[in-house]
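For reference, the chains in residue letters:
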Amino acid sequence: MSNYLFYILSFLSIFSALMVVLSRKPVHSVLYLIFCFFTIAGHYILLNAQFLAAVHIIVYAGAIMVLFLFVIMLLNLNAETEPHKPLIIKGASVVTGGMLLVVLIATFKSAAMSVSSPEFNSDLGMVESLGKVLYDQYMLPFEVSALLFLSAMVGATMIGKKEI
Amino acid sequence: MLTNRSKVVVDKQMSFVEKLYLPAIIGGLFITFKHFFRKKTTIKYPEVKRELSSVYRGQHVLKRDEQGRENCTACGLCAVACPAEAITMTAAERKPGEEKLYREEKYASVYEINMLRCIFCGLCEEACPKEAIFLTDRIVASDFERGGFIYGKDKLVEPVDNDKRIDLSGRLQAHRKLNS
Amino acid sequence: MEVADLIFKVIFVLAVFGISLLVAMYSTYAERKVAAFFQDRLGPNRAGPFGILQPLADGVKMFMKEEIIPTNSDKALFILGPSIAMLTACMTGVVIPWGNSLIINGKEFVMQITDVNIGILYIFGVVSIGVYGIMIGGWASNNKFSLLGSLRASSQMISYELAMGMSIIAIVMMSGTLSVREIVLGQPGGHWNVLYQPLGFLLFFICALAETNRTPFDLPECETELVGGYHTEYSSMKLGFYLFAEYINMFISSAVIVCLYFGGYNFPFIESLGLSHNVVSLLGTGIFFIKIFFFIFVFMWIRWTIPRFRYDQLMRVGWKVLLPLAVLNIVITAIVLLWKNDLFSLNF
């Protein structure tokens, strides 16, 4: 059952990721990206990481992508207004992308596929275990990243203010 | 009491409680809640009708006399009096044998009121020397076409049958009371 | 999963779906009636006794109307918009515990579609997706008013989501769980969370008004400025979907408010009645619905009392009043919890 779900979700996520690049209208690209996030959240749920899935949807699909959509709607980008790119740029991008692909394939080939260990705990992705790990084992990095967010918030407020 | 409700505008700082706005909002909620139980002002129209004034000016009628003859002699005073120029008529001479239909030797062969132009001022009624045209408490019906609002004699002249006549006694009485 | 379980789940899912649609349908009728009563009128009273059949007549009208898709619109997205709005509206009911459990033939059936252990986050995620329905619909209409309406809607919903989440966190801290059912179980009898979290409730309620785009936060569709807002170009049942989604959202957010702050299906003196488990459960469900209907009424009451905000006021209230208050609420809750559990004496 979950095997089939995995294949369906994988197909959908790869398809939507491709459509992000291939679709002509920027708004469609953003919507495909949102759909892609959803399928990835589905993968998280398959891994029993419900908390991660929910947060992923709230933060990425619910907040960040809305701002993306905002900007693109306001810029009013259309397929017609997209500037025609010269052939040399297209060629260069194909070459760069191909090189990236080669590098990725090389890395994945050398990396050994990690088989799920027998003591795999299915409750690992639950809120309780996640919270315990975050506040015990990774206390310092967690607090440091919280500080980082605080400074980012202060910075945003400073930018937002007209006069300081 | 109604006129005594003016308040002098004071440009003072709001107190903390006022700044919360919550007391004001809750007060407003209670005002609307009181209205929830008030007596409703709706009149359920086709079943219950609002009482019209006895001198209400609605759709016109062209009267007949007691013997069923049309009063109108097509003098044209109503058309002259009409500020909206809604009345048109064509006069015709009464032929021998038509004495039962028309009271005088001259009558209106065509008499049309454009109800879209009419402002229901009642000046035609006042201008009429023959007591032929009156406004009644009937309401002009709606229609889908503009043409439907040009009322000819078929709609304006009252029926000949005595029991289908349009009763204007109350209206005339009220008028008399107003004039005296 | 056993067959009995499966059958119960299927029936229950259909029941929840049907009931939320039915309640939404009659909310439209109730809205018109309540509005009329607040304005000293009678409201719809022609279709059936007291106008009870009015929603059916409205539905027939919506279905019979001409379907118009603007020429220069993005056709696929134009249809997708109301679909998403409707979908997200219907999805939230899944994690709400509609009642305690029923015992049939010695087997316990929980009256909840699924008890996800991150129930609140799920509600939150679905609500945050609800923006897309409005945004996509407004943009795809290719109309300035629609676009402005959808932009307003999305910025408003993002802003108020934050304060809403913050006010929920205080509840989560108190009950120590993210599952809606366990939160409800944590407030037995009359020990409702609202007694301990009055500020949190107020914040959550205001944010719920904003999230459902109800007055005084109905700027996305304010007719004096934006014609119809994001649904200016919509007609027929697609418009119906948008309007319907609003009422389902209202129903669901009332249910969430009741679950989080008003004890869900719990009611005082629940044990002293001495009734059997099943009867108490069904009674609890009835009480739950009475509480929900009360909140739907309050939503309408507020709509016909308070005028709408100006846009800058809306943003100021969201960011400068509600959000700091929510943070304050969290801090107070944390301090009280630490003090109650005597954790100050611990050495870290």
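Worth saying up front: this structure is predicted, and the values here are computed from it rather than measured.

Engineer: So what's going on with the arrangement of the chains? Residues and values would help.
Structural biologist: Pairwise contact counts over the two pairs of chains in contact peak for chains A and C. One finds no contact between chain A and chain B; the C-alpha atoms of the two approach each other to within 24 Å at their closest.

Engineer: Provide a residue-level description of the interface of chain C and chain A, including the pertinent values.
Structural biologist: Chain C puts 20 residues into the contact, and the matching count from chain A is 23 residues. Summed over both sides, the interface of chain C with chain A buries roughly 2,000 Å², with 79% coming from carbon and sulfur. Counting across the interface, chain C meets chain A through one salt bridge. In this structure, Asp74 of chain C and Lys25 of chain A form a salt bridge, with 3.3 Å as the shortest nitrogen-oxygen distance. Taken together, chain C and chain A are joined by four residue pairs in polar contact (both at pLDDT 80 or more). Elements with a contribution of two residues or more to the side of chain C that touches chain A: α4 (119–140) and α5 (144–175) of chain C. Here the side of chain C that touches chain A gets nine residues from one element, more than from any other, and that element is α4 of chain C. Split into classes, the residues belonging to the side of chain C that touches chain A amount to 14 nonpolar, five polar and one charged.

Engineer: Give me α5 of chain C: which residues, what numbers.
Structural biologist: For an α-helix, the turn length of 3.6 residues means that residues three or four places apart are oriented alike. Residues and elements named next belong to chain C. Between its terminal C-alpha atoms α5 stretches 46 Å, which fits the 46 Å expected from 32 residues at 1.5 Å a residue. N-cap assignment for α5: the residue whose side-chain oxygen lies 2.7 Å from the backbone N of Phe145 is Asn143. Following α5 by one or two positions, Gly176 has its phi on the positive side, about 70 degrees.

Engineer: Explain the confidence of the model for chain B to me, and be specific about the residues and the numbers.
Structural biologist: The predicted coordinates of low-pLDDT regions are not to be read in fine detail. When the pLDDT values of chain B are averaged, the result is 86; 99% of them are 70 or greater. The ipTM value of the predicted complex is 0.80, and its pTM value is 0.80.

Engineer: Lay out the interface of chain B and chain C with the relevant residues and their values.
Structural biologist: Listed as interface residues are 17 residues of chain B and, on the opposing side, 15 residues of chain C. Roughly 1,400 Å² is buried in total at the junction of chain B and chain C, and carbon and sulfur atoms are behind 71% of that figure. Of all residues in chain B, Leu29, Phe36 and Lys40 of chain B bury the most surface against chain C, accounting for 38% of the area lost on that side. If you look at where chain B meets chain C, you find one salt bridge. A salt bridge links Arg46 of chain C to Glu47 of chain B, with the shortest nitrogen-to-oxygen separation between them at 3.0 Å. On inspection of chain B and its partner chain C, the count reaches eight residue pairs in polar contact (both at pLDDT 80 or more).

Engineer: Would you mind going over the packing of helix α2 (residues 22–36) of chain B against helix α1 (residues 3–38) of chain C in detail, with residue names and values included?
Structural biologist: Axis separation between α2 of chain B and α1 of chain C bottoms out at 7 Å; the angle between their running directions is 95 degrees. In terms of orientation, α2 of chain B lies roughly perpendicular with respect to α1 of chain C. Every residue of α1 of chain C that contacts α2 of chain B at Thr32, Phe33, His35 and Phe36 of chain B is listed here: Val34, Phe37 and Phe38 of chain C. Along the lines of polarity and charge, the residues of the contact of α2 of chain B with α1 of chain C split into five nonpolar, two polar and no charged.

Engineer: Hey, could you go over the packing of aromatic side chains for me, with residue numbers and the actual values?
Structural biologist: Aromatic ring pairs are defined here through the distance separating the ring centres and the angle between the ring planes. All names here are of chain C. Evaluated as defined, the whole model comprises 39 aromatic pairs over all chains. Relative to Phe299, the ring of Phe205 has its centre 5.5 Å away and its plane inclined at 80 degrees; by these criteria the two rings are edge-to-face. Of the two residues, Phe205 sits in helix α8 (residues 198–211) while Phe299 sits in helix α11 (residues 277–303), which places them 94 residues apart along the sequence. Classification of Phe205 as buried rests on a relative accessible area of 8%. Between the aromatic rings of Phe288 and Phe289, the centroid separation amounts to 6.2 Å while the plane-to-plane angle is 70 degrees, which identifies the pairing as edge-to-face.

What counts and how
Residues numbered from 1 in each chain as written. Chains lettered and ligands numbered in written order. Predicted model: local features only at pLDDT ≥ 70, side-chain atom pairs only at ≥ 80, totals over all residues. Heavy atoms only, no water. Contact = heavy atoms within 4.5 Å. Buried area = accessible area lost by both parts, 1.4 Å probe. Salt bridge = Lys/Arg side-chain N within 4 Å of Asp/Glu carboxyl O. Polar contact = N/O pair within 3.5 Å; in protein donor to acceptor, adjacent residues only side chain to side chain. Helix = DSSP H or I, 4+ residues; strand = E, 2+ residues; numbered from the N terminus. Nonpolar A, V, L, I, M, F, W, Y, C, P; charged D, E, K, R; others polar. Expected span 1.5 Å × (residues − 1). pLDDT = per-residue confidence, 0-100. Axes fitted to C-alpha atoms, helices over the stretch in contact; angles between N-to-C directions. Parallel < 35°, antiparallel > 145°, perpendicular 65-115°, else oblique. Phe/Tyr/Trp six-rings, centres within 6.5 Å; stacked < 30°, edge-to-face > 60°. Buried < 20%, exposed > 50% of the residue type's maximum accessible area, 1.4 Å probe, protein only.

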